[in-house]
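Structural overview for review
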Amino acid sequence: MHADPEAVAQAAMTLPDLDEAIAMCAACPRLVAWREEQAQVKVARFRTETYWGRPVPGYGDPDARMLLVGLAPAAHGGNRTGRVFTGDASGDFLWRGMHALGLADRGESCRADDGLALQSVRVAAAVRCAPPANRPTSAEQSTCRPYLVREMQLLPELRVIVALGGVGWDAVLRSLRAMGHATPRPKPRFGHGAEVEIGPYRLIGSYHPSQQNTFTGRLTRPMLEDVLARGAGLAGIRTHIPEPDARVP
Ligand code: SF4
């Protein structure tokens, strides 16, 4: 375990090195305690499972042209399975949309060893440990940011970043600034479908596929697919466009 994300992130020369460094991180005492407590206490429906209980690295195509950036692993989702957006309702919603567009080879992801393959896409989070109430502090977001900076630096084909929610949006803007790219002032506002060009990248906003948004209809499948298709198009990734009557609201 280590507690210096800036140093270990910059020392990582490949994505597997970075993934390994992230999985060993213990820089945020509150989040270390929470992720491990959740892994011990569990919830009834997963009580027989062995939880991952560690930071969750990014996942996907090493030649990704598009990066999705979420908030953080869910206590009983990524913190249980060890893979981002795997084993929870947010992931179910995201993968169905990704699969409909041909960006993922399946429309569900329950286990880290299921062989899920992404086409030209990688998925990561602003904060790599599950936070209480899904709310990392500003300090925790800052501490974790070097990993996102390094992840983007290690994706040479990256052109489009889709921020899934406002925390992801802020993390990407701050990371791009840390990489030396001039970001607009005042800060571009997050919104579903918001877009801004920064250096060689296009940043696009999407509401997060949390149950809070999907159960209330704030984010529908067509809304998510429209943003993903827009990003893929800008990144030069070929997608299937679902027929309107085949789309699930
Ligand atoms: S949130 Fe990020 S910086 Fe903090 S302990 Fe987890 S991996 Fe390390």
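By size, the foremost hydrophobic cluster in this structure holds 36 residues, and its most contacted members are Leu67, Met152, Ile161, Leu176 and Leu203. Of all the secondary structure elements, the ones that give two or more residues to this core are α2 (15-23), β2 (66-70), α6 (138-153), β4 (160-164), α7 (166-178), β5 (195-198) and β6 (201-206). With near-sequence residues (within four places) excluded, Leu203 lies in contact with Ile161, Ala163, Trp169, Val172, Leu173, Ala194, Glu195 and Val196. Judged by nonpolar contacts, the second largest core, of 29 residues, contains Phe93, Leu164, Ala232 and Ala235.

The next subject is the sheet that holds β6. If you trace the six strands from one edge of the open sheet to the other, you get β1-β3-β2-β4-β6-β5, paired in mixed fashion. Whereas interior strands pair on both sides, the edge strands pair on one side only; in this sheet they are β1 (59-60) and β5. For β5 and β6, the ladder comprises four bridges, and the chain directions are antiparallel. Paired with Val196 across the two strands is Leu203, which belongs to β6. Together, β2, β4, β5 and β6 form the strand contacts of α7, whose direction differs from that of β6 by roughly 165°.

Another point: the pattern of salt bridges. Within the structure shown, the criterion is met by 15 salt bridges. Across the pair Glu157 and Arg65 runs a salt bridge whose closest N-O atoms are separated by 3.5 Å. Of the two residues, Glu157 is situated in the loop between α6 and β4 and Arg65 in the loop between β1 and β2; the sequence distance between them amounts to 92 residues. Across the pair Arg128 and Glu151 runs a salt bridge, and its minimum N-O distance is 2.7 Å. Of this pair, Arg128 sits in the loop between β3 (121-125) and α6 while Glu151 is found in helix α6, placing the two residues 23 residues apart along the sequence. Relative accessible area serves as the criterion here: at 0%, Glu151 is assigned to the buried category.

Definitions and cut-offs
- Residues numbered from 1 in each chain as written.
- Predicted model: local features only at pLDDT ≥ 70, side-chain atom pairs only at ≥ 80, totals over all residues.
- Heavy atoms only, no water.
- Core = buried A, V, L, I, M, F, W, Y, C linked by side-chain atoms within 4.5 Å.
- Buried < 20%, exposed > 50% of the residue type's maximum accessible area, 1.4 Å probe, protein only.
- Helix = DSSP H or I, 4+ residues; strand = E, 2+ residues; numbered from the N terminus.
- Contact = heavy atoms within 4.5 Å.
- Pairing = 2+ DSSP bridges.
- Axes fitted to C-alpha atoms, helices over the stretch in contact; angles between N-to-C directions.
- Salt bridge = Lys/Arg side-chain N within 4 Å of Asp/Glu carboxyl O.

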